[in-house]
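# Summary of the model geometry
Spelled out from the first residue to the last, the chains are:
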Amino acid sequence: MTTGVLSLDKGTSRIASTVAEPVLVRLALILVSLTFLGLFLFVPLAAILFEALKHGLGTYLASFQEPDAIAAIQLTLLATAIALPLNVVFGLSAAWAIAKFEFWGKQVLITLIDLPFSVSPVVAGLIYVLLFGLQGALGPWLAAHDIKIIFAVPGIVLATIFVTFPFVARELIPHMQAQGKDEEEAALVLGATGWQTFRRVTLPSIKWSLLYGVILCNARAMGEFGAVSVVSGHIRGETNTMPLHVEILYNEYNYVAAFAVASLLALLSLVTLAAKSLVEWTSSVEQKENRP
Amino acid sequence: MSILLKQPTVLPGFGLTLGFTLLYLSLIVLIPLAGLFVKTSALTGEQFWSAVSDPRTVASYQLTFGLSFVAALLNAFFGVIIAWVLVRYSFPGRKFVDALVDLPFALPTAVAGIALTAVFSVNGWIGRYLEPLGIKIAFTPLGVLVALTFIGLPFVVRTVQPVLQDLEKEIEEAAASLGATRWKTVTRVIFPEVFPALLTGFTSAFARALGEYGSVVFISGNMPMRTEITPLLIITKLEQYDYAGAAAIAVVMLVASFILLLIINGLQWWSGRRQVAF
């Protein structure tokens, strides 16, 4: 797959020199890539850690003991704990319908599932404000029944669900489509119930794609800023998620605390990338083993 | 539901799963989005036009669309090089770099925003060396460009990479043995194969940059007419209780992203067909 710089056979080296670039070009291209990535990815990442630890470990750790920070972490976990399972159920159900059956309008449905990815997070928040806000379509009715959605936790959960909506489904759909339905049909013909077929035949074969989708969905759910910012109302200790808490601290010039909470989110993203690579690696190893 | 089926099947659960999918999709996405259009339709044509075309809004379109385009171009250029390097060359830390490319997808945008601001402000690690040269990045349109480039970075790399990986070495060898120089092989043989994926990645990066909010608001300084992006303007209108005005601008943004979504689908169809035809 990767034709290494040093892996050229002696006998083919004359041809190889015409299907590979001169060493200087290679080095230059590697250097350009690493500089660009270093400038845009590595330096900002290092800066987060540096700024957070500027005044020592004690100040850093103190940032997490503040009640508002704890409340923000709790709210982020709560919103994710609701949004993630719902989107998993949706992803499984959409992928089953789309991958195992031929029906009219399937292509339209696939496009619509991807829709939340192309909507600006700000617009995602706005549509819920227009629907559930005090001036919104359902606002007066909700107010009369004393139900708060906007500037309250339900709004944050809704916005989180919206922005993470396609993640699980879009990982599962292509994978399940590629797998076809022969194995499920065989299981059913042999007398398994539909549920048994799903649990014993389908689920084991899609577990890595499912996990992959869950990892991405989780990272976005915990890190979402724009959509949540519109519906939150920024009430300290009540409707601030971790990214919103970072913003408030930053705007108050409390940089150390802001970067401390940010470093926690950055750590989460690094864990996400590591987990993602691990899943990719494990599933490719498994695929090779299963191939005769 | 079963009336939609094109062919009979023994598999169960079609009605249940499709029903739930449609219900969930409608409740979370379709009905709220439709609400946006309903809200806007309450405006007269004149009101709508004045909301979406006053000078401050137009300035924000110019900034957002213009810089998103430039950022996507930057990402297309560097993205192809990075994808090429990651697929074709081996160097220490390649796997690590490969995994790190996805950082802009995984890092919360607000965190990216404050990190980039810290690095590119006049006291920052990079900003301090640019200031003597007369280049200011944070709190200028350049800062917006930096943030938009950051968040669009993985798109081109990730669309071009698999195409390069699947490219058969034999074609290049054939071109070389027929007397093509390396440069000619790269531009005439490899590039045309990669081009549809490159275009898809470019458009995706552009679309993502258009709607971006979190990473930009910290570094841009948010000066009206100068560094104010359209998503921020929507929030400003919302905070002033100008709901209809916010909705009108949101409709413009939404239509732009729908068009881009259609283009991306078309491009994918095109590149898919090309592969089959090949």
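Residues numbered from 1 in each chain as written. Chains lettered and ligands numbered in written order. Predicted model: local features only at pLDDT ≥ 70, side-chain atom pairs only at ≥ 80, totals over all residues. Heavy atoms only, no water.

### Things to note about the overall build of chain B
Assigned secondary structure in chain B consists of 13 helices and zero strands. Each helix and strand of chain B, ordered N terminal to C terminal, gives the series α-α-α-α-α-α-α-α-α-α-α-α-α. With the C-alpha coordinates aligned to their principal axes, the bounding extent of chain B is approximately 70 × 70 × 35 Å. Within chain B, the proportion of its 278 residues that are buried is 55%. Considering only contacts in chain B between residues 6 or more positions apart, those separated by 24 or more positions represent 74%. Total accessible area on chain B stands at roughly 12300 Å², and carbon and sulfur atoms take up 67% of it. Distance from the positive charge centre (18 side chains) to the negative charge centre (15 side chains) of chain B: 4 Å. (Helix = DSSP H or I, 4+ residues; strand = E, 2+ residues; numbered from the N terminus. Buried < 20%, exposed > 50% of the residue type's maximum accessible area, 1.4 Å probe, protein only. Contact = heavy atoms within 4.5 Å. Areas by Shrake-Rupley, 256 points an atom, 1.4 Å probe, with all protein chains shown as cover. Lys, Arg positive; Asp, Glu negative; His and termini not counted. Charge placed at Lys NZ, Arg CZ, Asp CG, Glu CD.)

### Details of the packing of helix H6 (residues 121-132) of chain A against helix H1 (residues 14-41) of chain B
It is at 9 Å that the axes of H6(A) and H1(B) come closest, and there the two elements cross at 75°. With respect to each other, H6(A) and H1(B) are oriented roughly perpendicular. Note on element contacts: H1(B) touches H6(A) through Ile28(B), Pro32(B), Leu33(B), Leu36(B) and Lys39(B), opposite Val123(A), Leu126(A), Ile127(A), Tyr128(A), Leu130(A) and Leu131(A). (Axes fitted to C-alpha atoms, helices over the stretch in contact; angles between N-to-C directions. Parallel < 35°, antiparallel > 145°, perpendicular 65-115°, else oblique.)

### Some details on the packing of aromatic side chains
Taken as a whole and judged by the stated rule, the model has 28 aromatic pairs over all chains. Summarising the aromatic geometry, the rings of Phe117(A) and Phe167(A) are spaced 4.9 Å apart at their centres and angled 80° between planes, so their arrangement reads as edge-to-face. Note that Phe117(A) is positioned in helix H5 (residues 106-118) and Phe167(A) in helix H9 (residues 167-179), a separation of 50 residues in sequence. Put simply, the rings of Phe225(A), Tyr250(A), Tyr253(A), Tyr255(A), Phe259(A), Tyr213(B) and Phe218(B) touch in pairs and so form one group of aromatic residues. In this structure, Lys6(B) packs its charged tip against the face of Trp104(A), placed 4.6 Å from the ring centre. (Phe/Tyr/Trp six-rings, centres within 6.5 Å; stacked < 30°, edge-to-face > 60°. Lys NZ or Arg CZ within 6 Å of the ring centre and 35° of its normal.)

### Remarks on the environment of Ala144(A)
Residues and elements named next belong to chain A. Inspection of the secondary structure puts Ala144 in helix H7 (residues 139-144). The exposed category is assigned to Ala144, whose relative accessible area is 64%. C-alpha of Ala144 to C-alpha of Ala95: the two residues are 49 residues apart in sequence and 39 Å apart in space.

### Points about the side chain of Glu21(A)
Mapped onto the elements of the fold, Glu21(A) is located in the loop between helix H1 (13-19) and helix H2 (23-52). Judged by relative accessible area, which is 8%, Glu21(A) ranks as buried. Of the polar contacts made by the side chain of Glu21(A), one reaches the side chain of Arg182(B); its length is 2.7 Å. (Polar contact = N/O pair within 3.5 Å; in protein donor to acceptor, adjacent residues only side chain to side chain.)

### Quick notes on helix H8 (residues 141-166) of chain B
With 26 residues, H8(B) should cover 38 Å at 1.5 Å per step; its first-to-last C-alpha distance of 39 Å lies within 8% of that length. Gly152(B) marks the point of greatest bend in H8(B), at about 40°, and the proline Pro154(B) comes within the next four residues. (Expected span 1.5 Å × (residues − 1). Bend = angle between axes of the 7 residues up to and from the residue.)

### Regarding the environment of Leu238(B)
Relative to the helices and strands, Leu238(B) is located in helix H12 (residues 230-239). We classify Leu238(B) as buried; its relative accessible area is 11%. In this structure Leu238(B) touches Leu126(A), Val129(A), Val230(A), Tyr243(B) and Ala246(B), once residues within four positions along its chain are discounted.

### A short note on the interface of chain A and chain B
Listed as interface residues are 91 residues of chain A and, on the opposing side, 90 residues of chain B. When chain A packs against chain B, close to 8400 Å² is buried across both sides, 80% of that on carbon and sulfur atoms. Contact with chain B buries surface across chain A, with Phe36(A), Phe40(A) and Leu41(A) losing the most and accounting together for 8% of the total. At the boundary of chain A and chain B, one finds two salt bridges. Of the charged contacts in the structure, one is a salt bridge between Arg182(B) and Glu21(A), with a shortest N-O distance of 2.7 Å. The residue inventory of the side of chain A that touches chain B, partitioned by class, reads 63 nonpolar, 18 polar and 10 charged. (Buried area = accessible area lost by both parts, 1.4 Å probe. Salt bridge = Lys/Arg side-chain N within 4 Å of Asp/Glu carboxyl O. Nonpolar A, V, L, I, M, F, W, Y, C, P; charged D, E, K, R; others polar.)

### Quick look at a negative patch on the surface
Together, Asp166(B), Glu168(B), Glu170(B) and Glu173(B) line one region of the surface with negative charge. Mapping Glu173(B) onto the fold places it in helix H9 (residues 169-177). (Patch = residues over 30% accessible without salt bridge, like charges linked within 9 Å, V, L, I, M, F, W, Y side chains within 5 Å.)

### Focus: the pattern of salt bridges
Across all of its chains, the model carries 18 salt bridges over all chains by this definition. In this structure, the salt-bridge partner of Glu184(A) is Lys100(A), at a minimum N-O distance of 3.2 Å. Of the two residues, Glu184(A) is situated in helix H10 (residues 182-189) and Lys100(A) in helix H4 (residues 67-100); the sequence distance between them amounts to 84 residues. Per residue, the accessibility class of Glu184(A) equals that of Lys100(A), and both read buried. The salt bridge partner of Arg182(B) is Glu172(B), with a shortest N-O separation of 3.2 Å. With a gap of 10 residues between them, Arg182(B) in helix H10 (residues 182-211) and Glu172(B) in helix H9 connect regions that are remote in the sequence. Among the residues examined, Arg182(B) registers a relative accessible area of 12% and is labelled buried. Residue Glu172(B) is classed as buried on the basis of its relative accessible area, which comes to 1%. Each member of the salt-bridge network shares a partner with another, and the members are Lys276(A), Glu280(A), Asp98(B), Asp102(B) and Arg158(B).

### Topic: the packing of helix H6 (residues 109-120) of chain B against H8(B)
All names here are of chain B. Two elements in contact, H6 and H8, have axes separated by 11 Å at closest approach and are oriented at 130°. Here H6 is positioned oblique relative to H8, judged by the angle of their axes. For the pair H6 and H8, the sense of crossing is right-handed. Along the contact surface, H6 presents Ala112, Leu116 and Phe120, while H8 presents Val146, Ala147 and Phe150. Within the contact of H6 with H8, the residues separate by chemical class into six nonpolar, no polar and no charged. (Left-handed = near helix turned anticlockwise from the far one by under 90°.)

### Things to note about unusual backbone geometry
At Asn222(B), a residue that is not glycine, the phi angle is positive and equals roughly 55°. For Asn222(B), the location among the structural elements is in the loop between helix H11 (214-220) and H12.

### Brief notes about H9(B)
Residue and element names in this part refer to chain B. Here H9 has its buried residues at Glu172, Ala175 and Ala176. Angular distribution of buried residues about the axis of H9 spans 100°; they occupy a single face of the element. Set apart from the buried face of H9 by more than 90 degrees, the exposed residues are Glu170 and Ser177. Of the residues trailing H9, Gly179 is marked for its positive phi of about 105°. (Arc of directions from axis to C-beta.)

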